[in-house]
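Survey of secondary and tertiary structure
Below are the chains, spelled out letter by letter.
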Amino acid sequence: MATRGSRSEKVKRIFQQFDANRDGGLNREEMSALVVAVNPRVKFSDEQINAILDEVFRTYSEFIDAENGLTYDGLLQTYDDGAGDVDRDFDALDLELDDNKGVSGVSEASSSTVMDERAIESQKKQRTAAWAVSPNHGVVFDDTWKIVDDLEILVKRLKAKQAKDGKFKADNYDAYSDAGWSRELGPSAEISEKRVFWEESGHDYAVFVKDLGVIRRRADGARSREEAFDGHMAIGRVLYEHQLFKEALVSFQRACELQPVDVRSHFRAGNCLYVLGRYKEAKEEFLLALESAEAGGTQWVYLLPQIYVNLGIALEGEGMVLSACEYYREAAILCPTHFRALKLLGSALFGVGEYRAAVKALEEAIFMKPDYADAHCDLASALHAMGEDERAIEVFQKALDLKPGHVDALYNLGGLYMDLGRFQRASEMYTRVLAVWPNHWRAQLNKAVSFLGAGETEEAKKALKEALKMTNRVELHDAVSHLKQLQKRKVKANGTNGEGAFINVETSKFKTADEKTTFRQDLANALHMRSFQRITRLSRCDVELLKKEMRENDVPVSYSGNGVPQKSIRKPNLEEVLCRLLIFLKPETFQSAVKAINERILSVLDEMGSGRVDLGLFFAILAPICSGSLDKRKRIAFDALLWRHQNEGGSHIKRVDAVGYIRLLRAIYIPSHGASEGLEVHGETDASMVSFNEFLVMLDDPDWGFAIILTLVKLETGDRNRHGRHVCSVCYYPVIGSRFKEMKSHFSLCNHCYSEGKVPPTCKQDEYKFKEYGSEADAMKDKCMCFTLPSHNDNS
């Protein structure tokens, strides 16, 4: 089969054959002669010839020399685009390559041959993707070049046909954050700014796939397994470069079959799977690539950082951000100058709520690459999360100086301005987002809110109508409802702003009418726990699953942190346990859950920063907020404490462990209470053992136990109850959950306003006495009893 060199040499011979005046170009007469000569069986009319020449000179105008005509490069391009078949035309003209020269011409021929080879090599590098001429990862066999050339022609034909039919689409992705995707083996390559969408259902694509199958069979028919591997890898690379990812995956998977232990085929198959959204399969391919690289000795050592990076990205696609952090760290350790790995590490740490560590990693990435706009954007977001707002604004602005249309930077800066109450600036940021991404409904909605905050009601209404056109999501309807409430509470006639239409009352002035009414502070704490349940979705996790994990997982004992033997596991392994418990969550929702758990629970359990967590204690902490009966939650919490190494095999736990557990519950779920002094008095130094029943007494103690769980269960069972037409007298929202009725002034409060001590400004009293109604039926029953008692007294 012809090599790349012989192909370009044939085109050169054809060009020389018809360049009669030797001016380096083919004019219309010379091109006409070429067209007729290579089609000896076709009788062209003058009109047909002129039409062909007009098309050629118009299509390849960039290769036309104004005085001399179509250049050699232009003729070569016509063949590359499928306008002709080089081999067929060469044979039709009965030409031969000048491989042998006479003795008298040896010196000249030698010089000419060297120059031709250099020219061919130069053309090859200019006209071929960089990967193909790579000394380590490009095309190895000459026959593979023919496959590459023919495949390029097929792709260009498909592109031309789909572009003509208006089916070929390329969107500009320059505005979006680059996830740091390492597409190549070797130095990181910038992600393509254009995302191509091919129309796969039409006739043209079906023809392309059929022709592609012929090329694949040619690769399979190679003389050796190594050459077949080379062919399929080259086919995959061409298809990947043109973003034909499904077809590229087929080739890479075939290459994996031919050489199962080759790193490159697994790596590139993983890349395709990731782009196609098949993250779990991508992860498996990257793990195979990692295994092969580690088994290959020093041959693939320099590729390990890239494998680690893409493996981390695939894990993030599954929502496994803690696990991804581990691989980004490995990449950064192996290649300290890998700024992309550091940026990804910083972004992932930000994603799990470890803001200080995120800032450090992102600052290092920026130090190595000062023009890294995405790193500036994420650094600014982390600084905002830490409360360093002025510095965050400066860093956001730097990101926008580097990339003015950076959607994430514009959107997040708008959010920062909203948090600071600078609504006019916020609306400007959201306007710029919409200029780049016109259908960004969240930006449109936030623009409406910022206009409302700035007092521009009419502009807010217009922006809100535009947002409603873009989406019909539940979140939008909730936001619309909230905006309506804000408008109802707009500036009053006396100048009092609606947002301040309440007064805050100190806790001591809130009294309960009976023992069934929840204390204000207890409700506030329970509401925070309920919010955490919702964020983590642990209220949908059956507490029995914790028991199953303890039964089925044999965790080895290790020494970590305080040096005490524990059944502890690393945070990435704990993330895998959470993934099994919350298997019903989508990746992005799971990531939010892990972030909340890491911030609220793991930060306390791993106070020393060892990266390991006592698994039994972790299960015991989760048990109270999982779904299931209250008795079952308490039982499994006790079982989890028994499962720990120091208590394993018995039916009792140490009192000091029970006390420590309750202290942790309070520190994690009721931080406003802190650790009770009574904990130390009641048994921190007590070495006695307690049974399950004694444990329940300790847990239910209202003063230093965890009795708040009773209020949490009440919220779980009643937080969807509606109370007819009753609305909260402070926030004016319909009352959902419990209704707290003030017995003297008869106004009603919702859960949140009661817990925050808010009352209407028109109801100033020295003391407020509330009665709690879990449902409207309870209120009706209470009302009926009030009517019945006087009637009974009258009869007496």
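Residues take numbers from 1 onward in each chain, read along the sequence in its written order. For a predicted model such as this one, the threshold for reporting local features is a pLDDT of at least 70, and the threshold for listing and counting side-chain atom pairs is 80 or more; totals across whole chains, interfaces and linings nevertheless cover every residue. No hydrogens and no water enter the side-chain calculation; it runs on all heavy atoms of the structure.

1. Details of the overall build of the chain
What counts is decided by this rule: Secondary structure counts use DSSP, requiring at least four H or I residues in a row for a helix and at least two E residues in a row for a strand, with both numbered from the N terminus. Under the scheme applied here, a residue whose accessible area is under 20% of the maximum for its type counts as buried, over 50% as exposed, and between as partly exposed, the area being computed with a 1.4 Å probe on protein chains only.
Looking only at helices and strands, the chain has 35 helices and 18 strands in total. Across the 796 residues that make up the chain, the buried fraction comes to 48%.

2. Describing the environment of Leu287
Locating Leu287 in the fold gives a position in helix 12 (residues 279-295). Overall, Leu287 belongs to the partly exposed group, its relative accessible area being 30%. Taking the C-alpha atoms as reference, Leu287 lies 8.6 Å from His266; in sequence the two are 21 residues apart.

3. Description of the pairing of strand 18 (residues 768-773)
Put simply, the rule is: Here, a strand pair is defined by DSSP locating no fewer than two bridges between the strands.
Counted residue by residue, strand 18 has 5 buried out of 6 residues, so it is predominantly covered. In this structure, strand 6 (residues 510-512) lies alongside strand 18, joined through 3 bridges in parallel fashion. Bridging across to strand 18, Thr512 finds its partner in Phe770. Of the pairings in the sheet, the one linking strand 15 (residues 739-742) to strand 18 comprises 4 bridges and is antiparallel in character. When the sheet's bridge partners are listed, Arg739 is paired in strand 18 with Tyr773.

4. Quick notes on the pattern of salt bridges
Here the idea is simple: oppositely charged side chains can pair when their charged atoms come close. Applicable threshold: Salt bridge criterion: a side-chain nitrogen from Lys or Arg within 4 Å of a carboxyl oxygen from Asp or Glu.
Under the definition given, this model contains 32 salt bridges. The salt bridge partner of Arg264 is Asp262, with a shortest N-O separation of 2.9 Å. In terms of burial, Arg264 and Asp262 fall into one category: buried. Shared partners join several salt bridges into a network, and the residues in it are Asp143, Arg223 and Glu227.

5. Points about the UniProt feature "repeat: TPR" (unreviewed entry) in the chain
Rules: UniProt positions are given in the numbering used here, feature names are shortened, and annotations may be inferred rather than shown by experiment.
Those places that UniProt annotates as "repeat: TPR" (unreviewed entry) correspond, in this numbering, to residues 229-262, 339-372, 373-406 and 407-440. Between the end C-alpha atoms of residues 229-262 the distance is 10 Å, and the span holds 79% helix and 0% strand. Each end of residues 339-372 is marked by a C-alpha atom, and these two atoms are 9 Å apart; helix forms 79% of the span and strand 0%.

6. Regarding the packing of helix 16 (residues 355-368) against helix 17 (residues 373-385)
The condition is simple: Note on geometry: axes are lines fitted to C-alpha atoms, helical ones only across the stretch in contact, with angles between N-to-C directions running from 0 to 180 degrees. Just so you know how the angles are binned, under 35 degrees is roughly parallel, over 145 roughly antiparallel, 65 to 115 roughly perpendicular, and the rest oblique. Left-handed is the label given to a crossing in which the near helix is rotated counterclockwise from the far helix by less than a right angle, and right-handed is the label when the rotation is clockwise. Whether two residues touch is decided by their heavy atoms; if any such pair falls within 4.5 Å, the residues are in contact.
Packing of helix 16 against helix 17 leaves a shortest axis separation of 9 Å and a crossing angle of 155°. As far as their axial angle goes, helix 17 and helix 16 are roughly antiparallel. Both helix 16 and helix 17 take part in a crossing whose hand is left-handed. In this structure, helix 16 uses Tyr355, Val359, Leu362, Glu363 and Ile366 to contact helix 17, whose residues at the interface are Ala375, His376, Asp378, Leu379, Ala382, Leu383 and Ala385.

7. Observations concerning the packing of aromatic side chains
Heads up, the condition is: In summary, the pairing rule links any two rings of Phe, Tyr or Trp, Trp by its six-membered ring, whose centres are within 6.5 Å, and it sorts them by plane angle into stacked for under 30 degrees, edge-to-face for over 60 and tilted for everything else.
Evaluated as defined, the whole model comprises 23 aromatic pairs. On the basis of an interplanar angle of 35° and a centroid distance of 5.5 Å, the ring pair of Phe510 and Tyr754 is categorised as tilted. Residue Phe510 is located in strand 6, and its partner Tyr754 is located in helix 34 (residues 751-755); the two are separated by 244 residues in the primary sequence. Summarising the burial analysis for this pair, Phe510 and Tyr754 share the class buried. Aromatic pair Phe638 and Phe695: ring centres 5.2 Å apart, planes at 50°, arrangement tilted. Within this pair, whereas Phe638 is found in helix 29 (residues 630-643), its partner Phe695 is found in helix 32 (residues 692-699), the two being separated by 57 residues in sequence. Residue classification places Phe638 among the buried positions, given a relative accessible area of 0%. Residue classification places Phe695 among the buried residues on the basis of a relative accessible area of 0%. Pairwise contacts between aromatic rings join Phe510, Phe740, Phe747, Tyr754, Tyr768 and Phe770 into one cluster.

8. Observations regarding the sheet that holds strand 6
Strand order in the open sheet formed by 4 strands is 6-18-15-16, and the pairing between neighbours is mixed. Where the open sheet ends on each side, the last strands, each with one partner, are strand 6 and strand 16 (748-749). In terms of strand pairing, strand 15 meets strand 16 through 2 bridges, oriented antiparallel. Along strand 16, the bridge assignment pairs Lys741 with Ser748.

9. Section: unusual backbone geometry
Most peptide bonds take the trans form, and the phi angle of most residues other than glycine is negative. In the Ramachandran plot, Gln243 falls in the positive-phi region, its phi being about 60° despite a non-glycine side chain. Positionally, Gln243 belongs in the loop between helix 9 (225-241) and helix 10 (245-258). In this model, His746 sits at a positive phi of 65°, which is unusual for a non-glycine residue. With respect to the secondary-structure elements, His746 resides in the loop between strand 15 and strand 16.

10. A short note on the environment of Met368
Following the sequence through the fold, Met368 ends up in helix 16. Apart from residues no more than four positions distant in its own chain, Met368 is found in contact with Pro336, Thr337, His338, Phe339 and Leu342.

11. Thoughts on the nonpolar core
A general tendency of soluble globular proteins is for nonpolar side chains to be buried together. Note the following rule: Take the buried residues of types Ala, Val, Leu, Ile, Met, Phe, Trp, Tyr and Cys, join any two whose side-chain atoms come within 4.5 Å, and each joined set is a nonpolar core.
Counting residues in each nonpolar core, the largest one holds 149 residues, and the members touching the most others are Ile601, Phe618, Phe619, Tyr661 and Tyr669. By size, the runner-up hydrophobic cluster in this structure holds 29 residues, among which are Val359, Ala382, Val395 and Ala426.

12. With respect to the pairing of strand 13 (residues 722-727)
As defined by bridge partners, strand 13 adjoins strand 14 (residues 734-736) across 2 bridges and the pair is classed as antiparallel. When the bridges of strand 14 are listed, Arg722 appears paired with Ile736. Hairpin connection, strand 13 to strand 14: the antiparallel pair is bridged by 6 residues, and Tyr732 has positive phi, about 65°.

13. Brief notes about the side chain of Ser251
With respect to the helices and strands, the residue Ser251 is situated in helix 10. Ignoring anything within four residues of it in the chain, the contact list for Ser251 reads Arg216, His232, Ile235, Gly236 and Leu239.

14. Things to note about a negative patch on the surface
Defined as follows: A residue counts toward a patch only above 30% relative accessible area and without a salt bridge, and it is joined to like-charged neighbours within 9 Å or, for Val, Leu, Ile, Met, Phe, Trp and Tyr, to nonpolar neighbours within 5 Å. Note on areas: these come from Shrake-Rupley sampling with a 1.4 Å probe, and a residue is covered only by the protein chains present in the view. For the purpose of charge, His is not counted, nor are the chain termini; Lys and Arg are scored as positive and Asp and Glu as negative. For the purpose of locating charges, the reference atoms are NZ of Lys, CZ of Arg, CG of Asp and CD of Glu.
Negative charge collects at one region of the surface, where Asp85, Asp91, Asp94 and Glu96 lie side by side. Residue class for Glu96 comes out exposed when judged on its relative accessible area of 62%.

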